[in-house]
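# Structure assessment
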Amino acid sequence: MNEAALFAARANKRIVGMDEFERAKDKILMGTERRSMVMSEAEKRMTAYHEAGHAIVGMTVPEHDPVYKVTIIPRGRALGVTQFLPEQDRYSFSKRRLESAITTLFGGRIAEELIFGPESVTTGAANDIERATELARNMVTKWGLSDRLGPLTYTEETGEVFLGRSVTQHKQVSDVTAHAIDEEIRRVIEGNYQRARQILTSSLDKLHTMADALMKYETIDEEQLKDLMAGKTPKPPAGWDEALSNKPPQAPAEGPAAGGGPIPAGQH
């Protein structure tokens, strides 16, 4: 409500409308737009394929939250964002849902590799890899979701945080078991990595179409994504004007960075 009211005030409006609420929700979910950040056409296209890869895989795997919006406008520390919006509160997650999340996290990196080649893969997937590895490790060592290692916990942390984690963690597993844990984490990662590759390899036409739509519109929402996945040409976003040099309406500048120099690039 506060963010929506601020958007309305900046536009000299007396009433807060749905457009302001939508922009406020995007800002809170995805971060503040950084339109002052200058991206080259090549980096922008790389980002478009990266985010399209996430979106296509996320809409294909089972038990995954629906895609809410995809954008290549830099937000927060990210060059682009694929936002998935849960349909309801969840307090537990199935093994299938967790593996679908891991598969989706690798969609961006694989899209870069398929389109631009292995030598052109960027550091944009660093956060995706970190999150996927953490999920796989928890599945194996905390949540008992590995058939090979069974329903056992292989880590224990004490509450003495002030001493440092490495000091207060006690070794509970043998070297053989530790090796088995590493192998099982790798198996989970590799299996879902290959699943993401298979999905995108069979959906290259959708990947190209979605990336082109992102290059043109910069942001696409759920309705346009449904059109793209159905093989249709996506409808232009609301308020789109073809006469404006193929650029969407510019949002009012926000924050002290507006109008300043380029901001260092963050992760996808």
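These figures come from a predicted structure and were not determined experimentally. (Residues numbered from 1 in each chain as written. Predicted model: local features only at pLDDT ≥ 70, side-chain atom pairs only at ≥ 80, totals over all residues. Heavy atoms only, no water.)

Now for the packing of helix 3 (residues 41-58) against helix 8 (residues 175-201). Contact geometry for helix 3 and helix 8: axes closest at 10 Å, N-to-C directions at 100°. Taken together, helix 3 and helix 8 sit at an angle that is classed as roughly perpendicular. Touching G53, I56 and V57 of helix 3 are A196, I199 and L200, all from helix 8. Of the residues that constitute the contact of helix 3 with helix 8, the class distribution is five nonpolar, one polar and no charged. (Axes fitted to C-alpha atoms, helices over the stretch in contact; angles between N-to-C directions. Helix = DSSP H or I, 4+ residues; strand = E, 2+ residues; numbered from the N terminus. Parallel < 35°, antiparallel > 145°, perpendicular 65-115°, else oblique. Contact = heavy atoms within 4.5 Å. Nonpolar A, V, L, I, M, F, W, Y, C, P; charged D, E, K, R; others polar.)

With that out of the way, let us pick up the confidence of the model for the protein. For the protein, the average pLDDT comes to 82, and 81% of its residues sit at 70 or higher. Residue range residues 248-268 is modelled with pLDDT below 50. Its contacts to residues more than four positions away, or to other chains, number 44 contacts. (pLDDT = per-residue confidence, 0-100.)

Turning to the sheet that holds strand 2 (residues 81-84), a few remarks are in order. With antiparallel pairing, three strands are arranged side by side in an open sheet as 2-1-3. With partners counted over all chains shown, the strands left at the sheet margins are strand 2 and strand 3 (219-221), one partner each. Averaged over neighbouring strand pairs, the angle between their axes works out to 10° when direction is ignored. Judged from the four bridges that link them, strand 1 (residues 67-71) and strand 2 form a sheet pairing that is antiparallel. (Pairing = 2+ DSSP bridges.)

Next up on the list: the layout of surface pockets. Its volume calculated, the second largest pocket comes out at about 770 Å³. Taken together, 31 residues line the second largest pocket, and the ones lying closest to its centre are H64, T82, F84, L105 and R131. Of all the secondary-structure elements, those providing two or more residues to the lining of the second largest pocket are helix 2 (18-30), helix 3, strand 2, helix 4 (95-105) and helix 6 (126-141). Classifying every residue of the lining of the second largest pocket gives eleven nonpolar, eleven polar and nine charged. (1 Å grid on protein atoms, 1.4 Å probe; cavity = no way out; pocket = protein on both sides within 12 Å on 5 of 7 lines; lining within 4 Å. Points joined across faces, edges and corners; volume = space filled by probe spheres on them.)

Mapped onto the fold, D65 is located in the loop between helix 3 and strand 1. In terms of polar contacts, D65 uses its side chain to reach the side chain of R97, at 3.2 Å. For D65, the contacting residues outside a window of four places in its chain are F84, L85, P86, R90 and R97. (Polar contact = N/O pair within 3.5 Å; in protein donor to acceptor, adjacent residues only side chain to side chain.)

Quick look at unusual backbone geometry now. Even without being a glycine, N12 presents a positive backbone phi close to 60°. Structurally, the position occupied by N12 is in the loop between helix 1 (2-10) and helix 2. We note that E63 has phi near 55°; this positive angle belongs to a residue other than glycine. Looking at the element boundaries, E63 is found in the loop between helix 3 and strand 1. Here E63 falls in the partly exposed class, since its relative accessible area comes to 32%. (Buried < 20%, exposed > 50% of the residue type's maximum accessible area, 1.4 Å probe, protein only.)

Another aspect to go through is the nonpolar core. Ranked by size, the top nonpolar core spans 45 residues in total, and within it I102, F106, M210 and I220 carry the most contacts. Elements supplying a minimum of two residues to this core: helix 3, strand 1, helix 4, helix 5 (107-116), helix 6, helix 8, helix 9 (204-217) and helix 10 (222-229). In this view, M210 contacts A52, A55, I56, M59, I220, L225, L228 and M229; residues no more than four positions away in its chain are not counted. (Core = buried A, V, L, I, M, F, W, Y, C linked by side-chain atoms within 4.5 Å.)

A few words on the pattern of salt bridges. A side chain of one charge can pair with a side chain of the opposite charge if their charged atoms are brought near each other. Tallied over the entire structure, the rule returns 13 salt bridges. Among the salt bridges present, the one from E113 reaches R197, with a minimum N-O distance of 2.8 Å. Residue E113 is located in helix 5, and its partner R197 is located in helix 8; the two are separated by 84 residues in the primary sequence. Taking the relative accessible area as the measure of exposure, E113 reaches 18% and is therefore buried. Judged by its relative accessible area of 22%, R197 falls in the partly exposed class. With its nearest N and O atoms 3.8 Å apart, the salt bridge here joins K226 to E222. Remark: E222 and K226 occur in helix 10; sequence separation between them is four residues, near one turn of the helix. (Salt bridge = Lys/Arg side-chain N within 4 Å of Asp/Glu carboxyl O.)

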